[in-house]
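Here are the chains, one letter per residue:
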Amino acid sequence: MARRIFVSLLIAACFVLGGTTLFIVDEMYQTYTQSQMEILKAETQLIAYGIDREGMEFLNGLDDTDYRITVIDSDGTVVFDNSGSDISQMENHLGRKEVSEALSQGYGTSTRQSSTLTLKLVYIAWLLKNGMVVRLSASYASLYRVLRSLAQPLLLVLLLIIGLAFFLAYRLTKRIVDPLDNIDVDKPEEKAPYPEIQPIFNRLLQQKIRIDEDSQRLMRQRQEFETITENMEQGLILMSADGRILEINEAALGILKKDRNELLQSGISETELAASLLPLLQDGQMGHRASALFRHNGRSYEADISPVREENRISGFALLLMDTTLRDSTESLRREFASNVSHELKTPLQAIEGYAELLKSGMVRKEDESVFYDRIHKESKHMETLISDILKLSHLEDDRSTVEKEVLDLAQIAASVVERLRRENEGKARILFEGKESHIYANRELVETIIYNLGDNAVKYGGKDPEVFIAVLQEADKAVLRVRDKGIGIDEKDQERIFERFYRVDKSRSRALGGTGLGLSIVKHACIVNNAEISLKSKLNEGTQFTVRFQRI
Ligand code: ADP
């Protein structure tokens, strides 16, 4: 645009300046020739006056004159001419414009160009009293000649004009274009440099506001989408119709074990799960929703694909990936636990039922009845303990966050639990205790359960003459609880498993001792809730030592 404005201005300026120069030259030339003609006319009048007074003799008295003087008779014959030409050879002048005008009106003029156009011939004719016409003619340089003779300075002036026009056009173009160049389209709220383009600015401002609103809305939506997808447990992959990955969330990257950029470039065909996912993609491309369960590297996965349609055309796919390993194992654990619970409850119930039926049938001798009642009592007590342990465990697993904690002295709690164990096992076991005041932040009831269950086990599995050592000591920033016995010990292969629910090394021995198989499970969960770590050292037939480390405060 700047170029067009510049060229237009340059041409206009050249025309105006050039035209003006020519006009002035022409005007000056016209004024000059006009004044020359006035002079010529005055000369002609003077000569006519002279001839009228003195006759043709007057002409002889004129010496050198700048003008050509011709006297023409009323019939057009030249009777005098001072040019030195032979007047008898001269053609009849009646047809000459200035002559015929002078004959009819008393005065006539005419101008003629020389054949080379370089001269302008001016004729003035005056009617003499004797009816003849005296004519003066003079030649001047024509405008063409003037211009030609002025060619050099004119060219110089023209060059100056072009230079000036160039400079003016440049300045003007700059002044017009600069404000346009400096328009910041990002700031249409500013005033337009020219009122003529203010409507465009207003329009731009409206569009900018709309675009800002739209982009903010899009950004919000995108953030919402990202927040939702990034916090999803499931892997989400959005794909184009040709199977390119458009979006992929963290969970999906974790499952596919690939870098985001790598996946965006290569697609799912380059992943380890390609063999399972590509058939799904084919189903999706045929417009079906499809899902598949598969295992990979010892883990279970579920994948669902849904085609995304736009105007009856498949525009892409949403692929949902789920690592179902934990869900599957939790599910199987739950099933196993439920069957264990029902089995554990069934055993004492069947025993109670059997004893009750025997009593009811009257087959039991009177003196043996109390034994059966004792057994029924013992089995129902066992059921009660079992149910209480199950409830404790499920409470620990479900409501970890609601457990209330306080600052406790581990040694003081251990001492009171030791008292209880001593009371319950009076004459059956020796329980030794030593404790150093150690403060922890934990739940009192759960800490008591940890100490009691470990101490109770130490007595139960402490061998023939159980001797149990319970101690509270300090180790750097830890408060340490130790429960040691010299009993049957635990085989290395069982040491990991004894914390599992209902796992017992010797089931009948545990049952006979009133165990439920849940004690250590409860201890493990109680430790987790109180941020404590449990470990054990044991040797078959030599004894076992459990160590629980709490954070000391
Ligand atoms: P139980 O009610 O059977 O005692 P626990 O969960 O408390 O259940 O213990 C699980 C199993 O771990 C026990 O059945 C027993 O075989 C073994 N066990 C626990 N404590 C000891 C110990 N101090 N010495 C030897 N074995 C033990």
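Participant: I'd love a proper account of the overall build of the protein chain, names of residues and values included.
Facilitator: A count of helices and strands for the protein chain gives 16 helices and 17 strands. In terms of C-alpha radius of gyration, the protein chain reaches 63 Å, well past the compact-globule figure of 24 Å for 553 residues. Projected onto the principal axes, the alpha-carbon positions of the protein chain cover approximately 200 × 60 × 35 Å. Per-residue burial for the protein chain yields a buried fraction of 37% across its 553 residues. A separation threshold of at least 6 residues defines the contact pool for the protein chain, and within that pool the share at least 24 residues apart is 55%. For the protein chain, the exposed area adds up to about 33800 Å²; of that, 53% sits on carbon and sulfur atoms.

Participant: Report on the sheet that holds strand S1 (residues 68-72), specifying residues and quantitative values.
Facilitator: Strand order across the open sheet formed by five strands is S2-S1-S5-S4-S3, with antiparallel pairing between neighbours. Where the open sheet ends on each side, the last strands, each with one partner, are strand S2 (78-81) and strand S3 (107-113). For this sheet the average axis-to-axis angle between neighbouring strands, irrespective of direction, equals 20°. Strands in contact with helix H3 (residues 97-105) are S1, S3, strand S4 (119-127) and strand S5 (133-141); relative to S3, the strand with the most contacts, it is inclined by about 170°.

Participant: Would you mind going over the packing of aromatic side chains in detail, with residue names and values included?
Facilitator: In the structure shown here, the tally under the stated rule is six aromatic pairs. Seen from their ring centres, Tyr 107 and Trp 126 are 5.4 Å apart, and the 65° between their planes marks the pair as edge-to-face. Of this pair, Tyr 107 sits in strand S3 while Trp 126 sits in strand S4; the two residues are 19 residues apart in sequence, bridging distant segments of the chain. Sitting over the ring of Phe 372, Arg 375 keeps its end group 5.7 Å from the ring centre.

Participant: Help me get a handle on the sheet that holds strand S7 (residues 245-248), residues and values and all.
Facilitator: Strand order in this open sheet of five strands is S7-S6-S10-S9-S8, and the pairing throughout is antiparallel. Each edge of the sheet is formed by a strand with only one pairing partner; in this case those strands are S7 and strand S8 (290-296). Across the sheet, the axes of successive neighbouring strands diverge by a mean angle of 20°, strand direction being ignored. In this fold helix H9 (residues 274-285) packs onto strand S6 (235-240), S8, strand S9 (299-310) and strand S10 (313-323), with an angle of close to 150° to the strand it touches most, S10.

Participant: Give me the lowdown on a nonpolar patch on the surface, citing residues and values where you can.
Facilitator: Together, Leu 155, Leu 158, Leu 159 and Ile 162 make up an exposed nonpolar region whose accessible area comes to about 370 Å². Tracing the sequence through the fold places Ile 162 in helix H5 (residues 151-181).

Participant: Go over the nonpolar core, please, and point to the residues and values.
Facilitator: Membership of the largest hydrophobic core comes to 48 residues, with the highest contact counts inside it found for Leu 410, Val 447, Ile 450, Leu 454, Leu 481 and Phe 550. Top contributing element to this core by residue count: helix H13 (residues 444-460), with eight residues. Discounting residues that sit within four places of it in the chain, Ile 450 has contacts with Leu 481, Val 523, Ala 526, Cys 527, Val 548 and Phe 550.

Participant: Pulling in residues and values, what's your account of the site of the ligand?
Facilitator: Surrounding the ligand, one finds 20 residues, the nearest of these being Asn 457, Ser 510, Thr 516, Gly 517 and Leu 520. At 2.8 Å from an oxygen atom of the ligand is found a side-chain nitrogen or oxygen belonging to Asn 457. Within the contact set of the ligand, an oxygen atom lies 2.8 Å away from a backbone nitrogen or oxygen of Gly 517. If the ligand stood free it would expose 520 Å²; the protein chains cover 98% of that surface. No other element matches the three residues that H13 contributes to the shell around the ligand. Split by residue class, the shell around the ligand holds nine nonpolar, eight polar and three charged.

Participant: Which residues make up the pairing of strand S16 (residues 533-539), and what values go with them?
Facilitator: The pairing of S16 with strand S17 (residues 543-551) spans seven bridges and is antiparallel. Looking across to S17, one finds that Lys 537 is bridged to Gln 545.

Participant: Which residues make up the pattern of salt bridges, and what are the values?
Facilitator: This structure, assessed with the given rule, holds 38 salt bridges. Across the pair Glu 98 and Arg 112 runs a salt bridge whose closest N-O atoms are separated by 3.6 Å. Residue Glu 98 is found in helix H3, and its partner Arg 112 is found in strand S3; the two are separated by 14 residues along the sequence. Assessed through its relative accessible area of 0%, Glu 98 is described here as buried.

Participant: So, the environment of Lys 41: which residues are in play, and what are the values?
Facilitator: Relative to the elements of secondary structure, Lys 41 occurs in helix H1 (residues 2-54). Classification of Lys 41 as partly exposed rests on a relative accessible area of 26%. In sequence terms Lys 41 and Val 468 are 427 residues apart; their C-alpha atoms lie 158 Å from each other. Contacts of Lys 41, omitting those with residues within four sequence positions, involve Tyr 107, Ile 124 and Trp 126.

Participant: Explain helix H10 (residues 325-361) residue by residue, including any values.
Facilitator: For H10, built from 37 residues, the straight-helix expectation of 54 Å at 1.5 Å per residue is met to within 8% by its first-to-last C-alpha distance of 53 Å. Looking at H10, one finds that the buried residues are Thr 325, Phe 337, Val 341, Glu 344, Pro 348, Ile 352, Tyr 355 and Leu 359. Buried-residue contacts for H10 involve S9, S10, helix H11 (369-398) and helix H15 (507-512). One or two residues past the end of H10 sits Gly 362, with phi positive at roughly 75°.

Participant: Help me get a handle on the packing of H13 against helix H16 (residues 519-529), residues and values and all.
Facilitator: Here H13 crosses H16 at 145°, and the two axes come no closer than 9 Å. Seen along the crossing, H13 lies across H16 with a hand that is left-handed. Residues Leu 446, Thr 449, Ile 450, Asn 453, Leu 454 and Asn 457 of H13 form the contact with H16, whose own contacting residues are Gly 519, Leu 520, Ile 522, Val 523, Ala 526, Cys 527 and Val 529.

Reading the values: rules and limits
Residues numbered from 1 in each chain as written. Predicted model: local features only at pLDDT ≥ 70, side-chain atom pairs only at ≥ 80, totals over all residues. Heavy atoms only, no water. Helix = DSSP H or I, 4+ residues; strand = E, 2+ residues; numbered from the N terminus. Rg over C-alpha atoms; globule rule 2.2 N^0.38 Å. Buried < 20%, exposed > 50% of the residue type's maximum accessible area, 1.4 Å probe, protein only. Contact = heavy atoms within 4.5 Å. Areas by Shrake-Rupley, 256 points an atom, 1.4 Å probe, with all protein chains shown as cover. Pairing = 2+ DSSP bridges. Axes fitted to C-alpha atoms, helices over the stretch in contact; angles between N-to-C directions. Phe/Tyr/Trp six-rings, centres within 6.5 Å; stacked < 30°, edge-to-face > 60°. Lys NZ or Arg CZ within 6 Å of the ring centre and 35° of its normal. Patch = residues over 30% accessible without salt bridge, like charges linked within 9 Å, V, L, I, M, F, W, Y side chains within 5 Å. Salt bridge = Lys/Arg side-chain N within 4 Å of Asp/Glu carboxyl O. Core = buried A, V, L, I, M, F, W, Y, C linked by side-chain atoms within 4.5 Å. Near = heavy atom within 4 Å. Polar contact = N/O pair within 3.5 Å; in protein donor to acceptor, adjacent residues only side chain to side chain. Nonpolar A, V, L, I, M, F, W, Y, C, P; charged D, E, K, R; others polar. Expected span 1.5 Å × (residues − 1). Left-handed = near helix turned anticlockwise from the far one by under 90°.

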